[in-house]
Amino acid sequence: MFEMMTTPLLGAPLVADGGIPWLTLTTFLPLLAAIALAFVPKQQFNIHRNGALLASLTTFLVSIPILFNFQARIPVAEGQPFTFQLMEGPIEWIPSLGITYTLGIDGISLWLVMLTTFTLPIAILSTFSAVNKNVKEYMISLLILETGMIGALVSVDVFLFYVFWEMMLIPMYLIIGVWGGDDRIHAAVKFFVYTMVGSLLMLVGILYVYFKTDVNGAHSFLLTDMFAVVQGLSAQEQIILFAGFFLAFAIKVPLFPFHTWLPLAHVQAPTAGSVILAAVLLKMGTYGLLRYAFPLFPDAVKLFAPYIAILASIGIVYGAIVAMVQDDVKKLVAYSSVSHLGFCVLGLVAMTPQGIQGGMFIMLAHGIATGGLFLCVGILYERRHTKKIKDYGGVAKAMPIFATFFMIMVFASVGLPGLNGFVGEFLAILGTAQSKFLWFDAPLVSTIGEASWQFQSMENGTFPAPGQMAGPEYTALAFAAVAASGVIFAAGYLLWMFRRVMFGPLTNPENQKLRDLNGREILYMIPLILMAIHMGVFPKFYLSRMEPSVDQFLRYMDANVTAKDTVRVERIDSSYVPVKSLRHDKGEEAEAGQ
């Protein structure tokens, strides 16, 4: 039997200084709204639509203080890869199991939370004319999904993270399976099976690390306590555990060859489902790699980094080539996600400041640009009820405002300088080219059945000894070159699609009758256009809040990878000083570092 909680979860103060618990409010407002809508009669469509929109807008407004209260430069947690701010908890939830309610945010999760709260009102507004069946259940599913996504991003307790991670699965399964296209059941089941298999493997890994923790003789799910286990794991343990975590997150990205569920899910999902899937849900995979898989098992990451980079590079080219031959405009955009997120994974695994910041920026830029593309496809589908490229042509003549918005989203996804897609891809390619982490200097053991794994040491920190390996410095350059070719492919398939849909003679009578965007559609497209431009022109606004967290993460990786100094951190800031971990006594002053 579980022990009774010594500190009631709802009765304990969330914030030690009595401040406003912005993270809790942002996380659970959508869920509370969903519960309220559950009591509204099913036939009240307008109440459900407007109530869900109001709830999502309120959540976005409540999340803005998180951004304003976030400090880019603060003392860092000693020996930890992350320093969390706006902490709420830890509050005992299930004391006998070491489970707490603990929320926090840093430069890695900040913009993903803002992207989630920014995207949901747009997605909900896009459904007003598109969804007329089971509107109540649809809006409730979207709101529950928002709570799951935000909760997963702000959880500092790993058990709590897993609860929110699984919470995301059911609403998206229903959104695809109930409101999707003709093959929606197949798409929903495939999405569910892929995600669940990865999640269960990750759960096994979480429990293994949990039983390795020791906090005053008890086990703990607190993320900071799990990081303390890193040095005690053998190389073989890291390899096996990393494989479980990596598979769960690689499926979610999805990384080649675990991507096969994504195009089907995108094509069958309703427009709002595709927008949320592209904008936020896929980023849970890349976020999970950076937050959990990489810092928990640094030696395994060093071992597998070149092979992960190979999969990412294949995904970049494969996704682009397959997108190029599609005759379905929505499937083309879906395969473009496989290609773009290959850039993201490649940047993250490069373990350079530019690479990781580029990968994180791609998460945001892809959410805006590809989310906007799916909205544009949805607008066309609502009018013509076809996604076949051959059924269009000359649409710009009938829909000039739509053509302008669609063009900006295409250019943003292509990576045109001045728009958001360029910054992240440029940084990811640059960081990959400069990476020493991707060299094949830590080969897998060659003897089958050998008990230990060989981690080859490196001389002089960054470079292998002369003659140790033939031309390893060209490995990273090769990855960067492949990634750069993906930019060219993206320009090819996206611009070709745009030309065939928008330009040419307007001969099809069905296209001649198309009406341009209405006020509601303009209203939800304009924020995405403005964000694409702002991120492209003022990237420092976003990068400056990521930078300290990225540098702290790289210092941690440098200190914990067996082959020392394989991670190069180029920026050293004197404002970074160590403080105690989350488990210091309340009221005790943070210790100043060296």
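Here, every reference points to the structure presented above.
Before going into details, it helps to say that this report is about the structure given with it. Residue indices begin from 1 for each chain and proceed along its sequence in written order. Whole-chain, interface and lining totals are the exception, using all residues; otherwise, since this is a predicted model, local features are given only for residues with pLDDT of at least 70 and side-chain atom pairs are given and counted only at 80 or more. Each side-chain value is derived from all of the structure's non-hydrogen atoms; neither hydrogens nor water enter the calculation.

## Here we look at a nonpolar patch on the surface
Inference 1: Patch membership requires over 30% relative accessible area and the absence of a salt bridge. Like charges are linked within 9 Å, and nonpolar side chains (Val, Leu, Ile, Met, Phe, Trp, Tyr) within 5 Å. Here the accessible surface of atoms and residues is derived via Shrake-Rupley with a 1.4 Å probe, and residues count as covered only by protein chains that are part of the display. Any carboxyl oxygen of Asp or Glu within 4 Å of a side-chain nitrogen of Lys or Arg constitutes a salt bridge here. Taken together, the side chains of Ile185, Val189, Val193, Val197 and Leu201 make up a nonpolar region of the molecular surface, amounting to roughly 400 Å² of accessible area.
Inference 2: Inspection of the secondary structure puts Val193 in helix α6 (residues 184–212). Secondary structure follows DSSP: runs of H or I at least 4 residues long count as helices, runs of E at least 2 residues long count as strands, and numbering of each begins at the N terminus.

## Quick word on the packing of helix α5 (residues 158–179) against helix α10 (residues 271–281)
Inference 1: The interhelical angle for the contact between α5 and α10, taken along N-to-C directions, is 150°, at an axis separation of 10 Å. With respect to each other, α5 and α10 are oriented roughly antiparallel. In the packing of α5 onto α10, the handedness of the crossing is left-handed. Contacts between α5 and α10 involve Met168, Met172 and Ile175 from the first element and Gly273, Ile276, Leu277 and Leu281 from the second. Between N-to-C directions, angles cover 0 to 180 degrees, with each direction set by a line fitted to C-alpha atoms, over the stretch in contact for helices. What sets the label is the angle itself: under 35 degrees gives roughly parallel, over 145 gives roughly antiparallel, 65 to 115 gives roughly perpendicular, and the rest give oblique. The hand of a helix crossing depends on one turn: near helix anticlockwise from the far one by less than a right angle means left-handed, and clockwise means right-handed. Only heavy atoms matter for contacts: two residues are in contact if any of them lie within 4.5 Å across the pair.

## Re helix α1 (residues 22–37)
Side chains three or four residues apart in an α-helix point the same way, a direct result of the helix having 3.6 residues per turn.
Inference 1: The first and last C-alpha atoms of α1 sit 23 Å apart over 16 residues, in line with the 22 Å expected at 1.5 Å per residue.
Inference 2: Two axes enter the bend calculation: one fitted to the seven residues ending at the residue in question, the other to the seven starting there, and the bend is the angle between them. Maximum bend of α1: about 35°, positioned at Phe28, with proline Pro30 one to four residues after it.
Inference 3: Along its buried surface, α1 packs onto α2 (45–69), β2 (85–94), β3 (99–105), α3 (110–125), α4 (135–154) and α5. Helix span, expected: 1.5 Å multiplied by one less than the number of residues in the helix.

## A closer look at the packing of aromatic side chains
Inference 1: Each pair of aromatic rings taken from Phe, Tyr and Trp, with Trp reduced to its six-membered ring, is defined by centres within 6.5 Å and is described as stacked if the planes are under 30 degrees apart, edge-to-face if over 60, and tilted in the remaining cases. One pass over the full model with this rule turns up 31 aromatic pairs.
Inference 2: With centroids separated by 5.7 Å and ring planes inclined at 20°, the aromatic side chains of Phe422 and Phe426 adopt a geometry described as stacked. Of this pair, Phe422 and Phe426 are both found in helix α17 (residues 420–433), 4 residues apart, which corresponds to roughly one turn of the helix.
Inference 3: Each residue gets one of three labels from its accessible area relative to the maximum for its type: buried under 20%, exposed over 50%, partly exposed in between, using a 1.4 Å probe on protein chains only. Classification of Phe426 by relative accessible area gives partly exposed; the value is 46%.
Inference 4: Cluster of aromatic residues (ring-pair linked, three or more members): Phe161, Trp165, Phe245, Phe249, Tyr292 and Phe297.

## Concerning the pairing of β3
Inference 1: Across the 7 residues that make up β3, a large majority, 7, are buried.
Inference 2: Side chains of β3 alternate between two faces, with Ile99, Tyr101, Leu103 and Ile105 and Thr100, Thr102 and Gly104 buried alike.
Inference 3: Two strands make a pair as long as DSSP finds a minimum of two bridges between them. Pairing of β2 with β3, which is carried by 5 bridges, proceeds in the antiparallel orientation. Bridging across to β3, Glu88 finds its partner in Leu103.
Inference 4: Hairpin connection, β2 to β3: the antiparallel pair is bridged by 4 residues, and Gly98 has positive phi, about 70°.

## Let's talk about unusual backbone geometry
Inference 1: Pro254 follows Val253 through a cis peptide bond whose omega is -5°.
Inference 2: On the secondary structure map, Pro254 appears in the loop between α8 (235–252) and α9 (261–268).
Inference 3: The residue after Phe256, namely Pro257, is reached through a cis peptide bond having omega 5°.
Inference 4: Relative to the helices and strands, Pro257 resides in the loop between α8 and α9.
Inference 5: A positive phi is found at Asn134, a non-glycine position, where the angle reads about 50°.
Inference 6: Positive phi, normally seen in glycine, also occurs at Met351, with a value near 55°.
Inference 7: With relative accessibility at 1%, the residue Met351 sits in the buried group.

## What to know about the pattern of salt bridges
Inference 1: One pass over the full model with this rule turns up 8 salt bridges.
Inference 2: In this structure, Glu237 engages Lys212 in a salt bridge whose closest nitrogen and oxygen atoms are separated by 3.2 Å. Here the residue Glu237 occupies a position in helix α8, and Lys212 occupies one in helix α6, the gap between them amounting to 25 residues.
Inference 3: On the basis of relative accessibility, which here comes to 16%, the residue Glu237 falls in the buried class.
Inference 4: Given the relative accessible area of 40%, Lys212 is considered partly exposed.
Inference 5: Two residues, Arg383 and Glu521, come together in a salt bridge whose shortest N-O distance is 2.8 Å. In this pair, Arg383 is assigned in helix α14 (residues 353–384) and Glu521 in helix α20 (residues 519–537), connecting sequence segments 138 residues apart. Across the pair, exposure class does not vary: Arg383 and Glu521 are buried alike.

## Points about the packing of α14 against α20
Inference 1: For the pair α14 and α20, the least separation of the axes is 10 Å and the interaxial angle reads 150°. Our classification of the angle between α14 and α20 gives roughly antiparallel. Taken as a pair, α14 and α20 cross one another with a handedness that is left-handed. Residue-level inspection shows Phe361, Leu364, Ala365, Ile368, Gly372, Leu375, Cys376, Ile379 and Arg383 of α14 in contact with α20, the latter providing Glu521, Tyr524, Met525, Leu528, Met531, Ala532 and Met535.
Inference 2: Think of it as three bins: nonpolar holds Ala, Val, Leu, Ile, Met, Phe, Trp, Tyr, Cys and Pro, charged holds Asp, Glu, Lys and Arg, and polar takes everything else, Gly as well. Residues that form the contact of α14 with α20 fall into these classes: 13 nonpolar, 1 polar and 2 charged.

## Notes on the side chain of Ser199
Inference 1: Inspection of the secondary structure assignment puts Ser199 in helix α6.
Inference 2: Residue classification places Ser199 among the buried positions, given a relative accessible area of 1%.
Inference 3: The definition of a polar contact used here is a pair of N or O atoms within 3.5 Å, where within protein one atom must be able to donate a hydrogen and the other to accept one, and adjacent residues in sequence count solely through side-chain atom pairs. In terms of polar contacts, Ser199 uses its side chain to reach the backbone carbonyl oxygen of Thr195, at 2.8 Å.
Inference 4: Not counting the four nearest positions on each side in its chain, Ser199 is found in contact with Tyr162, Trp165, Glu166 and Ala248.

## Description of the layout of surface pockets
Inference 1: Considered as a void within the structure, the second largest pocket measures approximately 520 Å³ in volume.
Inference 2: Surrounding the second largest pocket, 21 residues form its lining, Ala130, Trp179, Gly180, Pro270 and Tyr381 being those nearest its centre.
Inference 3: Listing elements by their share of the lining of the second largest pocket, those giving two or more residues are α9 and α14.
Inference 4: Of the residues forming the lining of the second largest pocket, the biggest block, 5 residues, is contributed by α14. Cavities and pockets were defined on a 1 Å grid built from protein atoms only: a cavity is a group of points that admits a 1.4 Å probe but offers it no way out, a pocket is an open group of points flanked by protein on both sides within 12 Å along at least five of seven lines, and a lining residue is one with an atom within 4 Å of any such point. Grid points are joined across faces, edges and corners, and a volume is the space filled by probe spheres set on the points.

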